[in-house]
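# A look at the structure
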Amino acid sequence: MTLEGTKRQKSEQLELAWDSRGEAPRSQRSGEVPTLGNGNERSGSNHRLMEAVVERANAIAALKRVRQNQGSPGIDGMTVDELPVYLATEWEAIRARLLAGSYQPQPVRRQEIPKPGGGTRQLGIPTVLDRFIQQCLLQVLQPRLDPTFSQHSYGFRPGRSAHDAVCAAQRYIQAGRRWVADVDLEKFFDRVNHDVLMGRLAKRIADKQVLGLIRRYLEAGIMANGVVMERYEGTPQGGPLSPLLANVLLDEVDKELEQRGLAFARYADDLNVYTGSQRAANDAMVTLKRLYARLRLHVNDSKSAVARARERKFLGFSFWVAPGRVIRRRVAPQALKEMRDRVRQITRRTGGRSLTVVAAELRAYLIGWKAYFRLAETPRVFRDLDEWIRHRMRAVQLKQWKQSATIYRELRTRGLSEIGARRVAANDRRWWHNAGMLIHVALPKRALTALGVPQLGA
């Protein structure tokens, strides 16, 4: 039997294991989660939501999503690959505890990770079992809650993205709203007040079992994860439920801004309000501080500001004025610096790594970076970055060859003239200088591209 066939058989066996335990309503056999309402009624008033959470089709869909997202183990050490086998034997008991309201989540595993701008950020990693149960909750709650959220909220919502938020900001600026109230919340995910959040959630959900489980997840630390990974580096390591809860809490601010007729875009805890004058932007900032204080959230004054829109960044992008006074998107200077720092780290000329290994690391990083920043309307910047990256890769290769004799031999083998090879080999310790000489003939663009490094300007 092939490996693919073995995996398929194992998956079928696990589904049969769940199927044999009385998990009932089985009328819906697909992995799609049913929408339990239109979002206009209080969730749970006419349904037991927890029964929908533990329903078989919902659980199978959640397991599939958790396995796709991967992620690190929690405090119990269980991996994503071990979860299906565990559920095949323990799901019945877990399901019973969830329905009885006695299930107790395990605490998150605390881990500090470096922030791009310096310092560290605390990450909370739930166990894979708790990530699975949170995913079950998310699939039931999101179809009910999402339709009630503001149209100006773009973070972690079906059919919406950071790109949509950036394009909305671009339209506001193009329409003449050249001032922005740019608000940064201080350690938002670490400082969410549980009582305030649960109060807002109880206005939308009536099922006490669901509310109790979410409260226990909050106490276990699921909000201490935030959006801890760069948007272009994959799925956040934290629990899948926290972004939805953040939207529930912050929707109150969105609705107040809508009532005031303000133009804004929010992605998770990043929010910019665009106005036509500095005075209006100052008024918006005062309003935002008051609204956030009502939710017991703190505005970071050192990172928040009222400024011209072109002077601030939003979700890694900033804006510039093209000919004809057309507003265009570009990679924000800070995001560009972070990208260059990361590439420098990957292409450092120490550690004895081959060019193939370096290229693989670059590919893993740049594919996501390119996909996220493809929205930038600055092709020349991307072409310049491509040239700079190729220069660094050539310097890595020269460092690998080290000795003059080796450099000369390798360059001659790759078609460089004798005079050119001697000129490069004579500077065998000046790796960066050498990388800008005739070595581009021996290591042309097509050779480096063949290693799998994506071209940002292509």
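Scroll up for the structure.
Predicted model only: the values in this text are computed from it and were never measured. (Residues numbered from 1 in each chain as written. Predicted model: local features only at pLDDT ≥ 70, side-chain atom pairs only at ≥ 80, totals over all residues. Heavy atoms only, no water.)

## Comments concerning the packing of aromatic side chains
Here a ring pair, both rings aromatic, is described through the centre-centre distance and the interplanar angle of the planes. Put simply, the rule is: Think of it this way: a Phe, Tyr or Trp ring, Trp meaning its six-membered ring, pairs with another when their centres are within 6.5 Å, and the plane angle makes it stacked under 30 degrees, edge-to-face over 60, tilted otherwise. Throughout, exposure labels follow a simple rule: accessible area from a 1.4 Å probe, protein chains only, divided by the maximum for the residue type, with under 20% read as buried, over 50% as exposed, and the rest as partly exposed.
Taken as a whole and assessed by the stated rule, the structure comprises 9 aromatic pairs. With a centroid separation of 4.9 Å and 85° between ring planes, the pair formed by Tyr372 and Phe373 is classed as edge-to-face. Phe373 sits in the buried class, given a relative accessible area of 1%. Each member of the aromatic cluster is reached from another via a ring pair, and the members are Phe317, Trp369, Tyr372, Phe373 and Phe382.

## Side note on empty space enclosed by the protein
Defined as follows: Using only the protein atoms, space was sampled on a 1 Å grid; points where a 1.4 Å probe fits but cannot get out form cavities, open sets with protein on both sides within 12 Å along at least five of seven lines form pockets, and lining residues are those with an atom within 4 Å of a point. Grid points are joined across faces, edges and corners, and a volume is the space filled by probe spheres set on the points. Elements are defined by DSSP. Helices are runs of H or I of four residues or more, strands are runs of E of two residues or more, and each kind is numbered from the N terminus. Basically, the charged four are Asp, Glu, Lys and Arg, the nonpolar ten are Ala, Val, Leu, Ile, Met, Phe, Trp, Tyr, Cys and Pro, and anything else, Gly included, counts as polar.
Inspection of every chain in the model, using the stated rule, returns 2 cavities of 30 Å³ or more. Within this model, the largest cavity holds a volume of roughly 100 Å³. In this structure, the largest cavity is lined by Leu366, Asp386, Ile389, Arg390, Met393, Lys445, Leu448, Thr449, Val453, Pro454 and Gln455. Taken together, the elements giving at least two residues each to the lining of the largest cavity come down to helix 13 (379–401) and helix 18 (445–449). No other element matches the 4 residues that helix 13 contributes to the lining of the largest cavity. Of the residues in the lining of the largest cavity, the class split is 6 nonpolar, 2 polar and 3 charged. Around the second largest cavity sit Ile173, Val180, Asn272, Tyr274, Ala309, Arg312, Lys313, Phe314 and Phe319, which together line it.

## Observations regarding the sheet that holds strand 6 (residues 305–308)
Defined as follows: At least two DSSP bridges between two strands are required for those strands to pair. Between the N-to-C directions of two axes lies an angle of 0 to 180 degrees, each axis being a line fitted to C-alpha atoms and, for a helix, fitted only over the stretch in contact. Residue contacts are counted whenever heavy atoms from the two residues lie within 4.5 Å of one another.
Taken in spatial order, the 4 strands make up an open sheet running 4-5-3-6, and their pairing is antiparallel. Looking at which strands have only one partner, the edges of the open sheet turn out to be strand 4 (263–267) and strand 6. Sheet twist, expressed as the mean angle between neighbouring strand axes with direction ignored, is 20°. One ladder, built from 4 bridges, connects strand 3 (residues 179–184) with strand 6; its direction is antiparallel. For Val180, the partnering residue across the bridge sits in strand 6 and is Ala307. Against the sheet, helix 9 (residues 242–259) engages strand 4 and strand 5 (270–275), with an angle of about 175° to strand 4. Against the sheet, helix 10 (residues 278–294) contacts strand 3, strand 5 and strand 6, and its axis sits at roughly 20° relative to strand 3.

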